[in-house]
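As a plain string of letters, each chain reads:
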Amino acid sequence: MSRMCRSVRVLLQVLWAQLLCGWVLSSELTFELPDNAKQCFYEDIIIGTKCTLEFQVVTGGHYDVDCRLEDPDSTTLYKEMKKQYDSFTFTAAKNGTYKFCFSNEFSTFTHKTVYFDFQVGDDPPLFPNENRVTALTQMESACVSIHEALKSVIDYQTHFRLREAQGRSRAEDLNTRVAFWSIGEAIILLVVSISQVVLLRSFFSDKKTTTTRVGS
């Protein structure tokens, strides 16, 4: 009975740690970035904390965006122009509010859909109340493996969702272009056909001739 209670407690710890990873350590967002617009986000970070910023343009134009990351003193830590996707890892050198911005100011009429994931710090320990002097039991080792596998599954799901959204956007854009091209071809074909009919009729139409008598 005690072994079963311990197993249930271990599984609950795994689920709780997974929830902490999703709620506390990571900020994920997909947002619309209009043309000639700039959007900034802020995060309070403690010195010595390892952070990772990852972003990707899902839809819009050439799938590119400007990105800039600044520390509390407005010192630029990361700056890239017209990037489709990228990832940047850094360790906070000071306490304060860090700012990262996405800019679409170079685009005059195309809005973008941007996804970013800002991870702050490392994952919380899976067994924070356990004595680590002893080795992990078989159940604990299995839970750690499941925990790591679940994180990998979440990362892969996010990656494939982004690729699916990007592929769908490109397919819809291509379908729209093909539809307009087909309509244009149909109109051109109709105009050419009517022009040919009118031209051929002009060749075979009877022309009235006039005769003039010169004095009798």
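An unreviewed UniProt entry lists the chain under the name Transmembrane emp24 domain-containing protein 7, with Salarias fasciatus given as the organism. Its UniProt record gives the chain a comment under Function (unreviewed entry), which states: "Potential role in vesicular protein trafficking, mainly in the early secretory pathway. Appears to play a role in the biosynthesis of secreted cargo including processing and post-translational modifications."

Enquirer: What exactly am I supposed to notice about the nonpolar core here?
Expert: As a rule of thumb, nonpolar side chains are buried together in soluble globular proteins. If you look at the biggest cluster of nonpolar residues, it comprises 23 residues, and the most contacted ones within it are Ile45, Phe100, Phe102, Phe116 and Phe118. If you list the elements that add at least two residues to this core, you get β1 (26-33), β2 (38-45), β3 (50-59), β4 (65-70), β7 (96-103) and β8 (112-120).

Enquirer: How do you make sense of the pattern of salt bridges when you look at a structure like this?
Expert: Should their charged atoms come close, side chains of opposite charge can pair. Following the criterion strictly, the structure yields seven salt bridges and no others. Taking the shortest distance from any N to any O, the salt bridge between arginine 68 and glutamate 70 comes out at 2.7 Å. Notably, a salt bridge pairs lysine 94 with aspartate 71, separated by 4.0 Å at the nearest N-O pair. With lysine 94 in the loop between β6 (85-91) and β7 and aspartate 71 in the loop between β4 and β5 (76-83), this residue pair connects regions lying 23 residues apart in the sequence. On the basis of relative accessible area, lysine 94 is assigned to the partly exposed category, the value being 29%. The network of salt bridges with shared partners includes Arg68, Glu70 and Lys99.

So, how was this worked out
- Residues numbered from 1 in each chain as written.
- Predicted model: local features only at pLDDT ≥ 70, side-chain atom pairs only at ≥ 80, totals over all residues.
- Heavy atoms only, no water.
- UniProt positions renumbered as here; feature names shortened; annotations may be inferred.
- Core = buried A, V, L, I, M, F, W, Y, C linked by side-chain atoms within 4.5 Å.
- Buried < 20%, exposed > 50% of the residue type's maximum accessible area, 1.4 Å probe, protein only.
- Helix = DSSP H or I, 4+ residues; strand = E, 2+ residues; numbered from the N terminus.
- Salt bridge = Lys/Arg side-chain N within 4 Å of Asp/Glu carboxyl O.

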